[in-house]
Amino acid sequence: GRSPGAARSAARRALLLADGLLISANSGSLGREILVARYYVNEIHFATESIATIMDGAEPVDWAAAADAWRLGVDSYNSFFAVVNTKIAPKVGEKFVAIRA
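Please read all numbers here as calculations on a predicted model, not as lab measurements.

A.B. asks: So what exactly am I meant to see when it comes to the overall build of the chain here?
C.D. replies: Check the secondary structure of the chain and you find three helices and zero strands. Listing the helices and strands of the chain from first to last along the sequence gives α-α-α. In the chain, which comprises 101 residues, the proportion classed as buried is 27%. Accessible surface, the chain: about 7000 Å² in total, of which carbon and sulfur atoms supply 58%. The average position of the 11 basic charges and that of the 10 acidic charges among the side chains of the chain differ by 10 Å.

As structure tokens, then:
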């Protein structure tokens, strides 16, 4: 198959980051934070795929639909950042900064 595009890879990396930051080895179940983070990654993936479908579709391009999908993606990334930022310690690195649409 084809190698994933940068946007698709970003969603996969976000999921791996969330798993690493939010899942405790001492816990026997998934916590609320990881479930919320995974929800936002799913929304990011949906927005990315929507934009790809719109841009690869028939002419003319539905720019309003593409803008709606973009806003969903931005909102989902910012919400994801809010969840994972709580687990990023200053000695490890900087917290994510919100995306401006």
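A.B. asks: How should the environment of Trp63 be read in this particular structure?
C.D. replies: Secondary-structure assignment places Trp63 in helix H3 (residues 63-85). A C-alpha to C-alpha distance of 9.6 Å links Trp63 and Ile51, two positions 12 residues apart in sequence.

A.B. asks: Looking at this model, I keep getting lost on the nonpolar core. Mind explaining?
C.D. replies: Taken as a class, soluble globular proteins show a tendency for nonpolar side chains to be buried jointly. Judged by nonpolar contacts, the single largest core of 13 residues is most densely connected at Ala18, Leu22, Ala37, Val41, Ile44, Phe80 and Val84. Among the elements of the structure, helix H1 (6-22), helix H2 (32-56) and H3 are those that each provide at least two residues to this core. When residues in this core are grouped by element, the largest group, five residues, is from H3. Discounting chain neighbours no more than four positions away, the residues touching Val84 are Ala18, Leu21, Leu22 and Phe96.

A.B. asks: When you look at the packing of H1 against H3 in this model, what are you seeing that I'm missing?
C.D. replies: Each pair of packed helices gets described by two things: the angle between the helix axes and the distance between those axes. The geometry of H1 relative to H3 is characterised by a closest axis approach of 10 Å and an angle of 20 degrees between their N-to-C directions. It follows that H1 is roughly parallel to H3 by the angle criterion. Crossing hand, H1 versus H3: left-handed. When H1 is examined against H3, the residues Ala10, Ala11, Ala14, Ala18, Leu21 and Leu22 are found in contact with a partner set consisting of Tyr77, Phe80, Val83 and Val84.

A.B. asks: Is there a simple way to think about H2 in this case?
C.D. replies: Counting along an α-helix, one turn takes 3.6 residues, and residues three or four places apart therefore face a common direction. With 25 residues, H2 ought to run about 36 Å at 1.5 Å a step, and its terminal C-alpha atoms sit 36 Å apart, in line with that. Ile34, Ala37, Val41, Glu43, Ile44, Ala47, Ser50 and Ile54 are the residues of H2 that are buried. On the buried face of H2, the contacting elements are H1 and H3.

About the criteria used
- Residues numbered from 1 in each chain as written.
- Predicted model: local features only at pLDDT ≥ 70, side-chain atom pairs only at ≥ 80, totals over all residues.
- Heavy atoms only, no water.
- Helix = DSSP H or I, 4+ residues; strand = E, 2+ residues; numbered from the N terminus.
- Buried < 20%, exposed > 50% of the residue type's maximum accessible area, 1.4 Å probe, protein only.
- Areas by Shrake-Rupley, 256 points an atom, 1.4 Å probe, with all protein chains shown as cover.
- Lys, Arg positive; Asp, Glu negative; His and termini not counted.
- Charge placed at Lys NZ, Arg CZ, Asp CG, Glu CD.
- Core = buried A, V, L, I, M, F, W, Y, C linked by side-chain atoms within 4.5 Å.
- Contact = heavy atoms within 4.5 Å.
- Axes fitted to C-alpha atoms, helices over the stretch in contact; angles between N-to-C directions.
- Parallel < 35°, antiparallel > 145°, perpendicular 65-115°, else oblique.
- Left-handed = near helix turned anticlockwise from the far one by under 90°.
- Expected span 1.5 Å × (residues − 1).

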